[in-house]
Amino acid sequence: MSQVDLETYKTELTAARDRVLQDKEGKRFAIFGYKDSGDSNVLIVETEEEDEDGGLNGMVEEFSSGRIQYGLAVVKLDRGKKSVLVMWQGEGTPIIRKSMCAHHQTDIARLMKPTSTYIARSDEELDIDNIMKIFT
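By convention here, each chain's residues receive numbers from 1 onward along its written sequence. Local features in this predicted model are restricted to residues of pLDDT 70 or higher, and side-chain atom pairs are both shown and tallied only at a pLDDT of 80 or more, whereas totals for entire chains, interfaces and linings draw on every residue. Excluding hydrogens and water, the side-chain values take into account all heavy atoms of the structure.

K.L.:
So, the overall build of the protein chain: which residues are in play, and what are the values?
P.N.:
Summing up its helical and strand segments, the protein chain has five helices and five strands in all. In this text, helices come from DSSP runs of H or I with a minimum length of four residues, and strands from runs of E with a minimum of two, each type numbered from the N-terminal end. Traced from its N-terminal end to its C-terminal end, the protein chain shows the element sequence α-β-β-α-β-β-α-α-β-α. By principal-axis analysis of the C-alpha atoms, the protein chain measures approximately 40 × 35 × 20 Å. When a residue's accessible area, from a 1.4 Å probe over protein chains only, is under 20% of the maximum for its type it is buried; when over 50% it is exposed; and in between it is partly exposed. Here the protein chain holds 136 residues, and the buried ones make up 48% of them. In what follows, residue pairs with any heavy atoms lying within 4.5 Å of each other are defined as contacts. Of the contacts formed within the protein chain by residues at least 6 apart in sequence, a portion of 64% connects residues at least 24 apart.

Spelled out as structure tokens, the structure:
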């Protein structure tokens, strides 16, 4: 089992995380993935953006079906704001890669400090309503 490398780009990873978590409007999101088009264990910031419809809405559109990726967003609720780390295992990702990266999830969640985590393995599971159920 190979460990995830969170140290090489730690400054960039934590800066992106902090910008998302400190977003009071809930419009910012970040997508994290593996360097070298997903062929390494070095975690990088793939994209960081704002979406006028909300960070979670924009984020789910950015996941790639052939990749393992992690998306961080803040959602505004009646009782305040919460963060979610979506752990995306694209349907086209080789099973060996899915198995290897499954061991990385705990370390990545620890670094990202979300309120909740959500694992999605298909487009159907990557539905806003399904993700929002974790907050009820």
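K.L.:
Quick one: what's the story with the environment of Ser 83, residue by residue and with numbers?
P.N.:
For Ser 83, the position within the fold is in strand β4 (residues 80-89). Judged by its relative accessible area of 5%, Ser 83 is buried. For Ser 83, the contacting residues outside a window of four places in its chain are Leu 21, Ala 73, Val 74, Lys 113, Pro 114, Thr 115, Ser 116 and Phe 135. In protein, a polar contact means a hydrogen-donor-capable atom and an acceptor-capable atom, both N or O and within 3.5 Å, with residues adjacent in sequence counting only if both atoms are side-chain atoms; elsewhere, any N or O pair within 3.5 Å suffices. Separated by 2.8 Å, the side chain of Ser 83 and the backbone nitrogen of Thr 115 make a polar contact.

K.L.:
If you had to explain the sheet that holds β4 to someone new, which residues and values would you point to?
P.N.:
Here five strands make up an open sheet; going across it, the order is β2-β1-β3-β4-β5 and the pairing mixed. Of all the strands in the sheet, just β2 (43-50) and β5 (116-120) have a single pairing partner and so form its edges. Across the sheet, the mean angle from the axis of one strand to that of its neighbour is 20 degrees, orientation sign disregarded. The sheet contact formed by strand β1 (residues 28-34) and β2 spans seven bridges and is antiparallel. From the neighbouring strand, Tyr 34 faces β2, where its bridge partner is Leu 43. For helices, the fitted axis covers only the stretch in contact; all axes are lines through C-alpha atoms, and the angles between them, taken along N-to-C directions, range from 0 to 180 degrees. The strands touched by helix α3 (residues 95-102) within the sheet are β1, β3 (68-77) and β4, with β3 carrying the most contacts at an inclination of about 55 degrees. Against the sheet, helix α4 (residues 105-112) touches β1, β2, β3, β4 and β5, its axis set at about 155 degrees to β4. What makes two strands pair is DSSP finding at least two bridges between them.

K.L.:
Let's hear about the environment of Thr 115: which residues, and what values?
P.N.:
Note that Thr 115 resides in the loop between α4 and β5. The class for Thr 115 is partly exposed, based on a relative accessible area of 45%. A C-alpha to C-alpha distance of 24 Å links Thr 115 and Gln 3, two positions 112 residues apart in sequence. The contacts of Thr 115, once residues within four sequence positions are left out, are Lys 82 and Ser 83.

K.L.:
Help me get a handle on the pairing of β4, residues and values and all.
P.N.:
Within β4, seven of the 10 residues are buried, which leaves it mostly tucked inside the rest of the structure. In the sheet, β3 pairs with β4 via 10 bridges, with the strands oriented antiparallel. Residue pairing for β4: Gln 69 is matched across the bridge by Trp 88. Counting the residues in the hairpin turn of β3 and β4 gives two residues. Pairing analysis gives five bridges linking β4 to β5, with the strands arranged parallel. Each residue of the ladder has a partner; that of Val 84, found in β5, is Ser 116.

K.L.:
So what about α4? Which residues, and what values?
P.N.:
Listed in full, the buried residues belonging to α4 are Gln 105, Ile 108, Ala 109, Leu 111 and Met 112. Projected onto a plane normal to the axis of α4, the buried residues spread over an arc of 160 degrees and lie on a single side. Away from the buried face of α4 by more than 90 degrees, exposed residues Thr 106 and Arg 110 are located. Looking one or two residues beyond α4, the residue adopting positive phi is Lys 113, at roughly 55 degrees. This arc is built from the directions going out from the helix axis to the C-beta atoms.

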